[in-house]
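The lines below spell out each chain.
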Amino acid sequence: MDITIGVQNLPRELVLESDQSADAVAAAVTEALGGGATLELTDSKGRRVIVPTSAIGYVEIGTETKGRVGFGSI
């Protein structure tokens, strides 16, 4: 699933692909914004992304997509 994080005062967004479920990502965002100092997520390659909660503008959680097989995936 794709996760997009808008950071204040930066023209570009942070985009990462994660193997976590949408509910797990939403829970991590809610916990971080509820009083945590940082939002920490892990992407599908094992890299950790840490963003200070004071700099988060928005978080967009994409839908969970399954790999398509066959001619429809072209």
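Structural notes, computed from the coordinates. All values derive from a computational prediction rather than experimental measurement. (Residues numbered from 1 in each chain as written. Predicted model: local features only at pLDDT ≥ 70, side-chain atom pairs only at ≥ 80, totals over all residues. Heavy atoms only, no water.)

**Quick notes on the overall build of the protein chain**
Working step 1: Looking only at helices and strands, the protein chain features one helix and five strands.
Working step 2: The linear arrangement of helices and strands in the protein chain, starting from the amino end, is β-β-α-β-β-β.
Working step 3: Each of the 74 residues in the protein chain was classed as buried or not, and the buried ones make up 24%.
Working step 4: Contacts in the protein chain between residues at least 24 apart in sequence constitute 48% of all its contacts with a sequence separation of at least 6. (Helix = DSSP H or I, 4+ residues; strand = E, 2+ residues; numbered from the N terminus. Buried < 20%, exposed > 50% of the residue type's maximum accessible area, 1.4 Å probe, protein only. Contact = heavy atoms within 4.5 Å.)

**Some thoughts on a negative patch on the surface**
Working step 1: Residues D2, E13, E17, D19 and E60 make up a contiguous surface patch of negative charge.
Working step 2: With respect to the helices, strands and loops of the structure, D19 is situated in the loop between β2 (13–17) and α1 (22–33).
Working step 3: On the basis of relative accessibility, which here comes to 65%, the residue D19 falls in the exposed class. (Patch = residues over 30% accessible without salt bridge, like charges linked within 9 Å, V, L, I, M, F, W, Y side chains within 5 Å. Areas by Shrake-Rupley, 256 points an atom, 1.4 Å probe, with all protein chains shown as cover. Salt bridge = Lys/Arg side-chain N within 4 Å of Asp/Glu carboxyl O. Lys, Arg positive; Asp, Glu negative; His and termini not counted. Charge placed at Lys NZ, Arg CZ, Asp CG, Glu CD.)

**With respect to the pairing of β2**
Working step 1: Where strand β1 (residues 2–7) and β2 come together, five bridges link them in antiparallel fashion. Paired with D2 across the bridge in β2 is E17.
Working step 2: Following β1, the chain reverses through five residues before pairing antiparallel with β2; N9 in that reversal takes a positive phi of roughly 65 degrees. (Pairing = 2+ DSSP bridges.)

**Observations concerning the nonpolar core**
Working step 1: Core analysis: the largest hydrophobic core is formed by 13 residues, its most contacted members being I3, I5, L39 and L41.
Working step 2: When near neighbours in sequence (up to four residues on either side) are disregarded, I5 contacts E13, L14, L16, L39, L41, V51, Y58 and V59. (Core = buried A, V, L, I, M, F, W, Y, C linked by side-chain atoms within 4.5 Å.)

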